[in-house]
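Fold and geometry: a report
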Amino acid sequence: MFSYDSAWKRAWGLLILLLIFFSAVEIPLWLVLDYHPVGNLLIFHQAISYFFLLDVVLNFRTSIHVGGKTITSGSEVARHYLRTWFLVDFLSAIPMELILGFEDPLFGSVLRLLRLLRVKQLLSQQRLFTSLNPTILRLAVFISWVLLAAHWISCIWISLGGCAEETDILRRYLRSMYWAFATLGTVGYGDITPVTNMQTIYAIFVMILGAGMYGYIIGNVASLLANMDVAKVQFSEKMDKINAFLSYRNIPIELQEKVHGYYNYIWESRQGYDESVVIEGLPPSLKTEISLFLNREIIQKVPLFHGAGSDLVRDIVLSMQPVVFMPGDKIVQKGELGDTMFFISHGRVEVISEDGAEVYATLNEGNFFGEIALLTMEPRTATIRAADYCDLYVLHKKVFDRVLEKYPEFSENIRLQAEKRRQTRDH
Ligand code: CMP
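Cut-off values and rules
- Residues numbered from 1 in each chain as written.
- Predicted model: local features only at pLDDT ≥ 70, side-chain atom pairs only at ≥ 80, totals over all residues.
- Heavy atoms only, no water.
- Core = buried A, V, L, I, M, F, W, Y, C linked by side-chain atoms within 4.5 Å.
- Buried < 20%, exposed > 50% of the residue type's maximum accessible area, 1.4 Å probe, protein only.
- Helix = DSSP H or I, 4+ residues; strand = E, 2+ residues; numbered from the N terminus.
- Contact = heavy atoms within 4.5 Å.
- Pairing = 2+ DSSP bridges.
- Salt bridge = Lys/Arg side-chain N within 4 Å of Asp/Glu carboxyl O.
- Phe/Tyr/Trp six-rings, centres within 6.5 Å; stacked < 30°, edge-to-face > 60°.
- Lys NZ or Arg CZ within 6 Å of the ring centre and 35° of its normal.
- Axes fitted to C-alpha atoms, helices over the stretch in contact; angles between N-to-C directions.
- Parallel < 35°, antiparallel > 145°, perpendicular 65-115°, else oblique.
- Nonpolar A, V, L, I, M, F, W, Y, C, P; charged D, E, K, R; others polar.
- Near = heavy atom within 4 Å.
- Polar contact = N/O pair within 3.5 Å; in protein donor to acceptor, adjacent residues only side chain to side chain.
- Areas by Shrake-Rupley, 256 points an atom, 1.4 Å probe, with all protein chains shown as cover.

1. Quick word on the nonpolar core
Formed by 26 residues in total, the largest nonpolar core has its most connected members in Phe 343, Phe 410 and Ile 414. Secondary-structure elements contributing two or more residues to this core are helix 16 (296-301), helix 17 (310-319), strand 5 (340-346), helix 18 (371-376), strand 10 (390-396), helix 19 (397-406) and helix 20 (408-426). Apart from the residues lying within four places of it in its own chain, the contact partners of Phe 410 are Leu 304, Phe 305, Leu 312, Ile 316, Val 403 and Leu 404.

Quick look at the structure:
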């Protein structure tokens with residue numbers, strides 16, 4: 001049994017998608033322009049049938065993923081396939097041109113178009129596409145469908161005798177395509193007009209279709225483009241609300257600027273996303289994995305965590321919360337009681353005396369502070385002021401005590417560091 005998730009199976013799926021698209025473009029041309037594939041094109045046509053046949057065989061031998069379960073049993077896979085896509089796949093794979101000969105390609109090749117029914121499902125299976133911006137993908141799929149529809153409309157126009165005065169095949173096709181777009185787009189220059197009754201009825205039909213399609217396209221493209229960058233749209237909506245509130249409550253300009261500065265930083269540093277809100281709804285196991293991944297940077301930056309076991313890192317990382325401070329903010333005030341310590345992920349803080357006159361030390365990325373109060377229960381021994389915008393992770397005393405108890409080596413390291421700091425400050 002092959003895995004539905006393997007790289008080669010996905011590449012195969014992509015190839016089948018391209019072949020379906022090629023067939024959808026080429027077969028109508030073949031039917032209406034009355035040309036017979038020769039040479040390489042003929043071989044390619046036959047190859048498509050064989051690829052489709054091989055795909056049917058592979059589908060019997062590939063595990064499937066339905067309703068959150070992976071089915072690997074051969075008989076179950078076969079039963080599921082027979083009940084769902086088998087008929088469509090099989091009919092479209094029969095090499096009719098070999099059976100009926102190229103004189104009568106209509107039946108076989110039209111059957112091949114049945115595969116178009118599967119495009120949506122094949123697209124959704126492509127992991128390759130999930131890594132693309134979903135809006136761009138939707139836009140690309142949408143444009144492909146519109147182009148394909150225009151292509152078919154122009155092929156039908158040719159089959160009804162449209163643009164018959166053109167003797168060159170390419171020119172006839174291009175003129176028909178031009179007619180299709182002009183009619184669909186409700187432009188209707190009138191340089192190509194219906195003559196026979198059938199053509200007139202068809203033109204009316206395409207005009208009605210065009211009016212609907214035009215509205216649909218404009219509406220869809222506008223909403224797709226508007227949502228192109230979801231994060232940006234949401235963030236600017238939030239900013240609009242905040243700005244409206246600030247001016248409604250007459251907040252002083254300097255304070256407004258501070259608010260803007262903060263949000264600018266939030267946008268630049270994390271595109272406006274609040275991680276905790278995003279991962280809130282996830283099941284605990286996934287939450288752990290995502291938190292570990294998101295916090296891998298802080299784990300690498302903090303020397304205290306180097307060499308610490310994965311259990312310790314997991315315990316701490318899952319309990320830390322990100323916080324942001326602005327330049328000048330007092331994060332810790334000397335003399336106050338404290339029940340939190342902080343790890344610096346980004347930015348600089350200054351360790352200062354209570355009046356701010358003396359700077360004992362500057363701490364930056366990977367450093368931590370606030371541990372002394374947690375270790376000794378004494379009031380804060382210094383004031384800490386943010387020198388830049390600071391991304392910190394905060395750890396509460398309850399978790400800290402649990403960690404110290406569980407991991408004596410870590411406890412020893414942190415005590416040593418605290419002692420060193422106390423000595424340098426006292427001298
Ligand atoms: P705590 O006393 O809880 O709050 C103030 C923090 O400043 C303190 O913990 C230490 O983490 C930190 N700190 C105090 N003195 C120094 C120093 N000399 N160098 C670096 N950090 C210090």
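Here the narrative resumes, following the displayed structure.
2. Things to note about the pairing of strand 5
Within strand 5, six of the seven residues are buried, which leaves it mostly tucked inside the rest of the structure. Pairing of strand 5 with strand 10 involves six bridges; the strand directions are antiparallel. Pairing of Met 341 across the sheet is with Leu 395, part of strand 10. As paired elements, strand 5 and strand 8 (residues 368-369) share two bridges and run antiparallel to each other. Residue pairing in the sheet places Phe 343 in a bridge with Phe 368 of strand 8.

3. Looking at the pattern of salt bridges
This model, assessed by the stated rule, comprises 12 salt bridges. We note a salt bridge from Asp 388 to Arg 348, for which the minimum N-O separation is 3.3 Å. Placement of Asp 388 in the loop between strand 9 (383-386) and strand 10 and of Arg 348 in the loop between strand 5 and strand 6 (349-352) is noted, with a sequence separation of 40 residues between them. Relative accessible area serves as the criterion here: at 26%, Asp 388 is assigned to the partly exposed category. The class for Arg 348 is partly exposed, based on a relative accessible area of 34%. Through salt bridges with shared partners, a single ionic network connects Glu 166, Arg 171 and Arg 175.

4. Here we look at the packing of aromatic side chains
With the rule as written, the count across this model stands at 22 aromatic pairs. Judged by centre distance (5.7 Å) and plane angle (55°), the rings of Trp 12 and Phe 51 are tilted. A residue pair is termed long-range when its members are at least 10 positions apart, and Trp 12 in helix 1 (residues 7-33) and Phe 51 in helix 2 (residues 39-60) qualify at 39 residues. Residue Phe 51 is classed as partly exposed on the basis of its relative accessible area of 29%. Taking NZ or CZ as reference, Arg 296 lies 3.9 Å from the ring centre of Phe 293, over its face. Against the face of Phe 368 rests Arg 421, its NZ or CZ located 4.8 Å from the ring centre.

5. What to know about the packing of helix 2 against helix 3 (residues 74-83)
At a minimum axis separation of 8 Å, helix 2 and helix 3 run at an interaxial angle of 135°. As the angle between them shows, helix 2 and helix 3 are arranged oblique. Every residue of helix 3 that contacts helix 2 at Val 56, Asn 59 and Phe 60 is listed here: Val 77, Ala 78, Tyr 81 and Leu 82. Of the residues that constitute the contact of helix 2 with helix 3, the class distribution is six nonpolar, one polar and no charged.

6. Focus on the site of the ligand
The local shell around the ligand holds 16 residues, among which Gly 370, Glu 371, Ala 373, Arg 380 and Thr 381 are the closest. In the model, an oxygen atom of the ligand is placed 2.5 Å from a nitrogen or oxygen of the Glu 371 side chain. Contact between the ligand and Arg 380: an oxygen atom at 2.8 Å from a side-chain N or O atom of the residue. Here the ligand, which alone exposes 460 Å², has 97% of that area covered by the protein. Within the residue set of the shell around the ligand, elements represented by two or more residues are strand 7 (359-363), helix 18 and helix 20. Within the shell around the ligand, the residues separate by chemical class into nine nonpolar, three polar and four charged.

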